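This is what each chain is made of:
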Amino acid sequence: KQMNADLEAAVTDETLETLTFDLQKVISLPRIHSNIVFYKRQLSLYNLGIHSGKRNEGHFNVWLENEGSRGAQDIGSVLMKHITEKVPASVRHLILWSDSCGGQNRNIKITLMMQFVLQNSPSLQSVCFRFRVSGHSFLPNDSEFGDVECALKRQQRLYLPDDVVALMR
């Protein structure tokens, strides 16, 4: 209830933005219709989805396993980039919702990264972290990931990261 209230408040209050973020399950490339590929080393593609309550739209941030991992530094870097580039200057208060995954979201590294963003932002006055109860972590990102998963099921062959990004668009 609190998350839905925060998302709705972001639409009406120009000084408030609510972001939800989560990682999609790993997408392995190449994706072909063959059992042989299952036993071969595949390239992992990661996607951090960030949903904006103000604009009610999702953003996908995609990278390969050779460019980064799924740890707190990677999640924090994507969040910092999104906040500095896509959150309007009129926003004074930022609310971040995520699941309670300690390795990615609920740790000192993310907290310190957001403290850095807060200290270096000319407009932000507060950043609030809120976490879903474990086991009940449905976020708006999950329905956006579901759309991607449905599209992936209809694709027989995906070879490159650009193929997946085109599918996401």
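1. Considerations on the overall build of the protein
Of the regular secondary structure elements, the protein holds five helices and six strands. Its C-alpha atoms give the protein a radius of gyration of 17 Å, within 12% of the compact-globule value 15 Å for 169 residues. By principal-axis analysis of the C-alpha atoms, the protein measures approximately 55 × 30 × 30 Å. Across the 169 residues of the protein, 42% fall into the buried class. Taking the intrachain contacts of the protein between residues at least 6 apart in sequence as the baseline, contacts between residues at least 24 apart amount to 70%. Accessible area for the protein stands at about 9,600 Å²; split by element, carbon and sulfur atoms hold 51% of it. Averaging the positions of the 19 positive and the 18 negative side-chain charges in the protein gives two centres separated by 5 Å.

2. Describing the pattern of salt bridges
As enumerated under the stated definition, the model contains three salt bridges in all. Between K25 and E149 there is a salt bridge whose closest N-O contact spans 4.0 Å. Placement of the pair is K25 in the loop between β1 (16–23) and β2 (27–29) and E149 in helix α4 (residues 140–154), with a sequence separation of 124 residues. For R55, the salt bridge identified is with E57, shortest N-O distance 2.9 Å. The class for R55 is partly exposed, based on a relative accessible area of 32%. Overall, E57 belongs to the partly exposed group, its relative accessible area being 32%.

3. Remarks on the nonpolar core
Across soluble globular proteins, you tend to see nonpolar side chains buried next to one another. Ranked by size, the top nonpolar core spans 21 residues in total, and within it L48, I75 and I83 carry the most contacts. Where this core is concerned, the elements lending two or more residues are β1, β3 (43–52), α2 (72–86), β5 (93–98) and α3 (108–120). A per-element tally of this core places α2 first, with five residues. Counting nine residues, the second-largest nonpolar core is a separate cluster that includes I27, L152, V164 and M168.

4. Comments concerning the side chain of S52
On the secondary structure map, S52 appears in strand β3. By relative accessible area, which is 0% here, S52 ends up buried. Within polar-contact distance, the side chain of S52 engages the side chain of E17 at 2.8 Å. Polar contacts involving the side chain of S52 include one to the main-chain amide nitrogen of K54, which spans 3.4 Å. Apart from the residues lying within four places of it in its own chain, the contact partners of S52 are E17, T18, L19 and E57.

Reading the values: rules and limits
- Residues numbered from 1 in each chain as written.
- Predicted model: local features only at pLDDT ≥ 70, side-chain atom pairs only at ≥ 80, totals over all residues.
- Heavy atoms only, no water.
- Helix = DSSP H or I, 4+ residues; strand = E, 2+ residues; numbered from the N terminus.
- Rg over C-alpha atoms; globule rule 2.2 N^0.38 Å.
- Buried < 20%, exposed > 50% of the residue type's maximum accessible area, 1.4 Å probe, protein only.
- Contact = heavy atoms within 4.5 Å.
- Areas by Shrake-Rupley, 256 points an atom, 1.4 Å probe, with all protein chains shown as cover.
- Lys, Arg positive; Asp, Glu negative; His and termini not counted.
- Charge placed at Lys NZ, Arg CZ, Asp CG, Glu CD.
- Salt bridge = Lys/Arg side-chain N within 4 Å of Asp/Glu carboxyl O.
- Core = buried A, V, L, I, M, F, W, Y, C linked by side-chain atoms within 4.5 Å.
- Polar contact = N/O pair within 3.5 Å; in protein donor to acceptor, adjacent residues only side chain to side chain.

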